[in-house]
Every structure is written in structure tokens, then in C-alpha cells.
Amino acid sequence: MKVRARDPKQVWQLWKEEFEAAPARDDGLETSTISGIPLQPLYTSSDLAEREEELPGQFPYTRGIHPSGYRGRLWTMRQFSGFATAEETNRRYKYLLANGQTGLSVAFDMPTLMGQDSDAPTSRGEIGHCGVAIDSLADMETLFEGIPLGNITTSMTINSPAAILLCMYIAVAEKQGVPAAQLGGTLQNDILKEFIAQKEFIFPPAPSMRLVVDSIEYCAREVPKWNTISISGYHIREAGSTAAQELAFTLADGMAYVDACIERGMRIDDFASRLSFFFDAHIDFFEEIAKFRAARRIWARWMRDRYGAQDERSWKLRFHTQTAGVSLTAQQPELNIARTAIEALAAVLGGTQSLHTNAMDEVLALPTDRAARLALRTQQLLAYETGVANTIDPLGGSYFIEALTDEMERQAEAYFKRIEELGGVIPAIEASFFQKEIADAAFRYQQELEQKRRVVVGVNDFTVGEEEHIEILRIDPKLESQQVARVREVRANRDQARCSNALVRLRKAAAGTDNLMPYILEAVRAYATEGEIMNTMVEVFGLYTERAVI
Amino acid sequence: MPANTAVRPVRIVLAKVGLDGHDRGVKVVARALRDAGYEVIYTGLRQTPEMVVDAALQEDAQVIGLSIHSGAHMTLFPAVVQELKRRKATDIVVFGGGIIPDDDIAALKQKGVAELFTPGTPLQGIVDWLRKRFPQGAA
């Protein structure tokens, strides 16, 4: 018999009894989030924390940094792309721009990411495979040939050699007649997450941080519209962290950069508004939305209350999102289209400023033209068909989302304390703290899959006997020798005296305390190769090796 | 490996070859193989084929497991097999894992890589393969 009770506690009690009496599924699956946060079957108004009304565009920006949300401007559709040679990638960029993409995002190959030239012995087999090969300004000129850098924003995913690639971009713009002050874009330049997760480090932490601060300081003066750093949780998450670890470690890295800039003597409001962030959008839909909302709230509080930033722009956490590469499966790859669409929706409901949607075939190789277009079309469908962009933070006020946002915040603050106890981010890296936390989380998740407490469709359940063969992008092995010949040609034909003088001056400056950006820019203009510039700095800074922990 | 058997446990050198730093997979596999009773030596990142073979010989390993995610597997995996031939250590079994397309798997097996495990492989699958390959533990 149903009773119409008025007392909310009594109503809740009634529901609770009925819930407990109802048969539960016995599939053995976890009911916690993919990160292991226990969930209640139901959230109600009693789960809402007491707080002042939060509104978009107002501190602490939980509901978004813009008062107009996506009514004012949609997110930027920015597909990460790059492969083979500069010519081939230039062609892909023009194809994507012609198909309605609104910003560029450069993927570099492994030798470029590791600061070595294509003719270095360990570049063998790696050239042009997971991005475009760039050895010198000559390649960069080709990469952006016919693309006016004054009218487009470009994101460059590069870290240890970030300063060099930014200088190459500035130098290409100079040749196009575009002043640096007009350039817009983002440099990933986030070395801390390399030590923590992606492991593309070259120099030890101290000189690495110096280069990051040099570029932030230089850009504040010379390239004021540039996002000098993209503080990245993506790689931390892909390495196996939980959502809360991604959130906490990324924001802790952000604070470490703020500390380093302040230590250099910069004023917080002179650089904080150019810091940007980059998060993963994983498959656990609500957890991800809560993570994005919590990130904005935490950052705003720390910037205003801990660091004393006065400028509102310094309080606003702006971020790019990429859907989760690790969630994609080689089995039944068409399923990846559905996964990516759901993850992209979480990013949009979380208020992302820009978005990359993975292509269905990215688990196998770099995307084909067709798969790349389909991924972009997924975003266009979200933006223009579904209506999700019409209302700002549409899940704000949901009992569940608000409670989960608070939980994310709580877990992140607990991590900040632990990191502080370890002496800060760099000592924590040297103690393998992050690395162990991430490896533990990755192993735990893998165990859950093995025990089938979590399902990945097509992998540990709902499998098919014979996998369908899909077409993948192949990198022509001939391009390796072409790229090697090209860098040798650049070295043979440049003004040798100018180039070696520039490198000598860079070496001297590296041994001192000057900002290195002008010296790197001069070396780039003189067609010094990336490897030569890096090696010059390695002579002074040395190489970092990590202790391998499992 | 059960404690009461007299055989030596199989020693496995796990290595990241190539320039990429994606070590999630290799670390998960390392823990799983250790838990399954194997002696696992993880070399860390950016190992050249020469370094991998050096490590395997020094550690008296019966197996080398290679991990890569950069797309350079067609160059680097066969280079490890070649290096083993050069050092006359072809009794060491090489297996690999990473993002490796089907067509490449067949080609790599022809070049002497014993087995390849791609994303989505259950850890137990790797353990089962090793048990079959070394039913008596190390020779």
C-alpha cells in the first residue's frame, strides 16, 4: 500500500525500503565509477552541500567561465593531426580546414618529440609514424605553407623541445609578415606530466622548469595572445590514473608552474590568464562531467585565495579535451564511434573550450582521411543537431552531478596535502609517488577487467569470433630516407657561420641565467636543426633518467 | 611457479624499445607475470636492441618481452632478433606487445618473434602462453 507521506525523510525511507526489497542484478559488475568512487543508487536534495548559488561566468566558475556558455561561442573543434612529412601533413590540414575544422593541432613524430633529428641513429623506424617529422625551420615553413598564421590558432603538442618549436612557429610567421604579437595558439610545454606519466623528458627537472618559465616570461612580453602552456591531465589519465588523480596531479602541476613563475619575479596576473589546461574525457560519463566542473572551482579558489590573483581572468580555468584513447578497442572498432560520441558529450556538458574527438581507427594506427572526417562530424553533430549547446551547464543542480563534483574536489584537495607533505611536485616525482599511484590504479583496473567486474564491449564480453579487417593508414617507408636527405640538405645549404655562432651564444646563455628564448629563436632563424639546438643545451643541462618502478 | 618444484623459475626481461614513453602496458604485464611466479626484470624506457640483449644475457633470461607504441615495431623487433643471432643467443625467446596491426604480426612472426599480444589481450593469455612454452620452468 502506498502512503502519501509529506515528510521528505519518510518518503525517502519508503523508497529505501522498496529499493532494498526489489531484486538486484546479479551480474557481478562494479557499481562504483570507473575510478572506483562508490556510488549511491539514488541522490536527492539531501546530498547537496550548502553553498551560494553558482552561476556561469562568476567565481568560482563551476558552471563555466563564460556567462553565455556555448550561446556566445561554440567550442573550438580542434583535431590533433600530423603524420609522415611536412608536405603530407600540410595537405591534411588543408583538407580538415576545408571540412569545417576551426583550429589546427600539430602532432609531431617521436624523434621530434624527443628533440632529435631524423638522421640520428635512434630515429630509425620512428620517422613520421606518430606525427609529422620536423627537423628545422625549413620543415616548419612547408608545414604551414599556404595557411595564414594570422587568421588561425594552432596548438602544438610538444614538451621537452617546446621552446624550439614555438620559435620555429614565430619564425614562419615572420616570413609570412605576421608579427608575433598577433599569433594565437597553444604550446603544450608541460614538462611535469612528462616526468609523471608520458615520460618524454630530456633534461633534468630544474633546467626543464627553467625553459618552461623562460617561454612563459618571453610570451607575456612578445606573444601575449599565446597560451604558453597546456597543463595536461590527458597523459596522466591515459597512463592509468583515476579521474581524481588526473584532476589532482594536473592542478598540482599547474600550481608548481605558478610557484616557479612567481619565484622568477613575475606577477601572477601577468601570466596566469595564459595558462591553459588539457583533460581526458573518459567513458564514465557523469564522473567526467563532475571532474571538469570541480577543476574550474578548485583552480579559481586557489588562484584567488592562495595566490592572491586580482584579475578575474587569472581565476578562470580554460581547457581543451580529448576523448580517451585508452577507451578505444581494436576489437569491433566501429564501436569506437559510439564511445567517442559519449565522451565528447561529457566534455561538452563539462564546458570544454576546445575538443578533439578520436577517430575509430586510432587504436590501430593514425587515422585515415575518412575516419578523421567522421570524428570531426561527430562534434558537428553534437554542436548542431542535438541541442546540447542551447543551455548553459545543463546538468548543474543535478543532485548526483553536484555531489560527485564535491567528491572530486574533496579527493583532489586530499592529494594536494599529500604532495605538499612530500615537499612539492618535483620531490614527489623523484620519489616516484605519482608514478606508483598511477601504476597501482592501472593494475587495479586491469584486474577488474580480468575478473569481469567491469565490461569492455567486444573485449571481455560481447565478442565476435572473426574480427573485421579495417583499412588503416600506412606510412610509406620511403619517406624515412627522404626526410634524412632533407635535413642533411638543410645543414649543407645554410649560412654555417651564422648557425654556429648562434649555437655558441645559446650554449653560453644556457650556462648563465638569461632567458633562452631569444637565443633559441636566433638559432632557429639560422636553420640550426632541432637536434643541434637540443644537443647544445644537453651539453650544459645534462640528461635525465628515471628509476624504473613497476 | 609452485614453491615445491625443483625447477628454476623462468626469467623474463621486459623492455620498452623505441622512443615513446608509454609504459602503462609493460608495467601491468610486469606485475602480472611477477604475480604468476616469473622472475621479471624491467629495463625501463628507450632501450636499443643492443641494450635489451645485453640485459637478457647479463640476467641469464630465457625470455625477452618487448613493448612499443610508437609504430617502429617493424624496425626494432626484428633488430632485437638479429642482435640475438649476432650474439649467438637465439635460444632466448622474444615476444612483443603494443599497437601492432594484423598484417605486421604475421610478418614479425616470420622474422622470428615468437608471439605478439595486442591491446585487449587478457593478462592470463600471456601467462598461459608462457606456461605452454616453458612447461618445466627454465631449462
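Residues numbered from 1 in each chain as written. Chains lettered and ligands numbered in written order. Predicted model: local features only at pLDDT ≥ 70, side-chain atom pairs only at ≥ 80, totals over all residues.

Within chain B, the secondary structure is distributed over five helices and five strands. In sequence order, the secondary structure elements of chain B are arranged as β-α-β-α-β-α-β-α-β-α. Computed over C-alpha atoms, the radius of gyration of chain B comes to 14 Å, within 12% of the 14 Å expected from 2.2 N^0.38 for 139 residues, which places it in the range of a compact globule. Along the first, second and third principal axes, the C-alpha atoms of chain B reach 40 × 35 × 25 Å. With 139 residues in all, chain B has 48% of them scored as buried. Restricting the contact set of chain B to residue pairs at least 6 apart, pairs at least 24 apart contribute 72%. (Helix = DSSP H or I, 4+ residues; strand = E, 2+ residues; numbered from the N terminus. Rg over C-alpha atoms; globule rule 2.2 N^0.38 Å. Buried ≥ 20, exposed ≤ 12 C-beta atoms within 10 Å, placed from the backbone. Contact = placed C-beta atoms within 7 Å.)

Moving on to helix α12 (residues 285-306) of chain A. All names here are of chain A. The first and last C-alpha atoms of α12 sit 31 Å apart over 22 residues, in line with the 32 Å expected at 1.5 Å per residue. Counting buried residues in α12 gives 16 out of 22 residues, a clear majority hidden from the surface. Once α12 ends, the next one or two residues include Gly308, with phi positive near 70°. (Expected span 1.5 Å × (residues − 1).)

All names here are of chain A. In terms of strand pairing, strand β4 (residues 153-157) meets strand β5 (residues 184-187) through four bridges, oriented parallel. Bridging from a neighbouring strand, Ser155 pairs with Thr186 of β5. Between the parallel elements β4 and β5, the chain passes through helix α6 (residues 162-176) in a crossover that is right-handed. Two elements, β5 and strand β6 (residues 226-227), share two bridges in a ladder whose sense is parallel. Paired with Thr186 across the strands is Asn227, a residue of β6. (Pairing = 2+ DSSP bridges. Right-handed = clockwise from strand over helix to strand, strands pointing away.)

Residues and elements named next belong to chain A. Reading across from one edge, β1-β10-β9-β8-β7 is the order of the five strands in this open sheet, with parallel pairing throughout. The outermost strands of the open sheet, each flanked by one partner alone, are β1 (76-77) and β7 (229-232). Relative to strand β9 (residues 319-323), strand β8 (residues 275-281) is paired through five bridges, and the arrangement is parallel. In the sheet register, Phe277 faces β9, and the bridge partner there is Phe319.

All names here are of chain A. With 22 residues, helix α10 (residues 243-264) should cover 32 Å at 1.5 Å per step; its first-to-last C-alpha distance of 32 Å lies within 8% of that length. Across the 22 residues that make up α10, a large majority, 17, are buried. Trailing α10 by a residue or two, Gly265 shows a phi angle of about 105°, which is positive.

This brings us to the interface of chain A and chain B. Listed by partner, the interface residues are 30 residues for chain A and 29 residues for chain B. Among the secondary structure elements, those contributing two or more residues to the side of chain A that touches chain B are α4 (110-113) and α18 (433-450) of chain A. Of the residues forming the side of chain A that touches chain B, the biggest block, five residues, is contributed by α18 of chain A. Across the side of chain A that touches chain B, the residue classes break down as 16 nonpolar, eight polar and six charged. (Nonpolar A, V, L, I, M, F, W, Y, C, P; charged D, E, K, R; others polar.)

Cys167 and Ile520 of chain A together with Val80 of chain B are the most contacted members of the largest nonpolar core, which totals 196 residues. Not counting residues up to four positions away in its chain, the partners in contact with Cys167 of chain A are Met517, Ile520, Leu521 and Val524 of chain A. (Core = buried A, V, L, I, M, F, W, Y, C linked by C-beta atoms within 7 Å.)

Right, let's talk about unusual backbone geometry for a bit. Residues and elements named next belong to chain A. The omega angle of the peptide bond from Phe59 to Pro60 is 0°, so this bond is cis rather than trans. Secondary-structure assignment places Pro60 in the loop between α1 (8-21) and α2 (69-72). Positioned with a positive phi, Ser432 is a non-glycine residue whose angle comes to about 60°. Checked against the element boundaries, Ser432 lands in the loop between α17 (425-430) and α18. What makes Ser432 partly exposed here is the crowd of 15 C-beta atoms within 10 Å.

Per-residue pLDDT for chain B averages 92, and the proportion of residues at 70 or more is 94%. The ipTM, which scores confidence in the relative placement of chains, is 0.88 for this predicted complex, and the corresponding pTM is 0.94. (pLDDT = per-residue confidence, 0-100.)

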